[in-house]
Amino acid sequence: MAEHFRWNARGITRATSLAALIGAPGLLLLRDPDFAVKVLGVVWAAPFAVLALALLKRRHDRDPVVTVSAEGLRDRRISDQTFAWAAISRVEGFDAENVAFVGLEFHNPKTELRTAKWHWRLFAPMHRLLRFPSITLQMSLLDGSDADVLAAIARFRPDLTLTKT
């Protein structure tokens, strides 16, 4: 039976509130008579408003974001396709700057990344330069942790190297 991880409504609410709180001072600048200060206010507030709206959209989305099944692993943030177990050479839990990730390495990364969304393909060379795995899953706004994903993977593919470095 597949294991699904969905957006965590409480975490999304906290992140949305934080984005709004950080962006709010920019709105105060809109009251200033100086046009340049108003522009600064818009430039400050707009990215946080966009982030808050994107997060709110996810808050009510109950479809699985990450699915671990007998067929493989799917993270719809990365690709609409499932990464088959046969294509995955290694799974690794690691921390970068005190943030937990689950990394996936592939036997043939170029073939697997062909189905990934454009920004994942764009940043894949940078991942390689930084010696990160080809694909990294981050679970902070989902209803599970990196340890939960690693445990789910171990249920289906205990032969993959599952380490925490």
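A brief structural summary. What you see is a predicted model, and the numbers here were worked out from it, not measured in a lab.

For T67, the position within the fold is in strand β2 (residues 66-68). Among the polar contacts made by the side chain of T67, one reaches the side chain of H4 at a distance of 3.1 Å. Other than its neighbours up to four places away in sequence, T67 contacts A2, E3, H4, G72, L73 and R74.

In this section: the sheet that holds strand β1 (residues 3-5). Here we have four strands laid out as an open sheet, ordered β1-β2-β3-β4, and antiparallel in their pairing. Of all the strands in the sheet, just β1 and β4 (83-84) have a single pairing partner and so form its edges. Bridge analysis of β1 against β2 gives three bridges, and the strand direction is antiparallel. If you follow E3 over to β2, its bridge partner there is V68. Its contacts with the sheet place helix α5 (residues 146-156) against β1, β2 and β3 (72-75), and it is angled at close to 160 degrees to β1.

With that out of the way, let us pick up the packing of helix α1 (residues 9-28) against helix α2 (residues 35-59). Interhelical geometry of α1 versus α2 gives an angle of 165 degrees and a closest axis separation of 8 Å. As the angle between them shows, α1 and α2 are arranged roughly antiparallel. Relative to α2, α1 is oriented so that their crossing is left-handed. For the pair formed by α1 and α2, the contact residues are A9, I12, T13, A15, T16, A19, I22, G23, P25, G26 and L27 on the first element and G41, W44, A45, F48, L51, A52, L55, L56, R58 and R59 on the second. When its residues are assigned to classes, the contact of α1 with α2 shows 14 nonpolar, five polar and two charged.

With that settled, the discussion passes to the pattern of salt bridges. Throughout the structure, instances matching the rule amount to five salt bridges. The residue D75 makes a salt bridge to R77 at a minimum N-O spacing of 2.6 Å. The salt bridge partner of D159 is R157, with a shortest N-O separation of 2.5 Å. The exposure class of D159 is exposed, given its relative accessible area of 53%.

Glancing now at α1. With 20 residues, α1 should cover 28 Å at 1.5 Å per step; its first-to-last C-alpha distance of 29 Å lies within 8% of that length. The largest bend along α1 measures about 30 degrees and falls at I22, with the proline P25 one to four residues further on. G11, I12, A15, T16, A19, G23 and G26 are the residues of α1 that are buried. The inward-facing, buried residues of α1 contact α2. Of the residues flanking the start of α1, the one acting as N-cap is N8, its side-chain oxygen 2.9 Å from the backbone nitrogen of R10.

Calculation criteria
- Residues numbered from 1 in each chain as written.
- Predicted model: local features only at pLDDT ≥ 70, side-chain atom pairs only at ≥ 80, totals over all residues.
- Heavy atoms only, no water.
- Helix = DSSP H or I, 4+ residues; strand = E, 2+ residues; numbered from the N terminus.
- Polar contact = N/O pair within 3.5 Å; in protein donor to acceptor, adjacent residues only side chain to side chain.
- Contact = heavy atoms within 4.5 Å.
- Pairing = 2+ DSSP bridges.
- Axes fitted to C-alpha atoms, helices over the stretch in contact; angles between N-to-C directions.
- Parallel < 35°, antiparallel > 145°, perpendicular 65-115°, else oblique.
- Left-handed = near helix turned anticlockwise from the far one by under 90°.
- Nonpolar A, V, L, I, M, F, W, Y, C, P; charged D, E, K, R; others polar.
- Salt bridge = Lys/Arg side-chain N within 4 Å of Asp/Glu carboxyl O.
- Buried < 20%, exposed > 50% of the residue type's maximum accessible area, 1.4 Å probe, protein only.
- Expected span 1.5 Å × (residues − 1).
- Bend = angle between axes of the 7 residues up to and from the residue.

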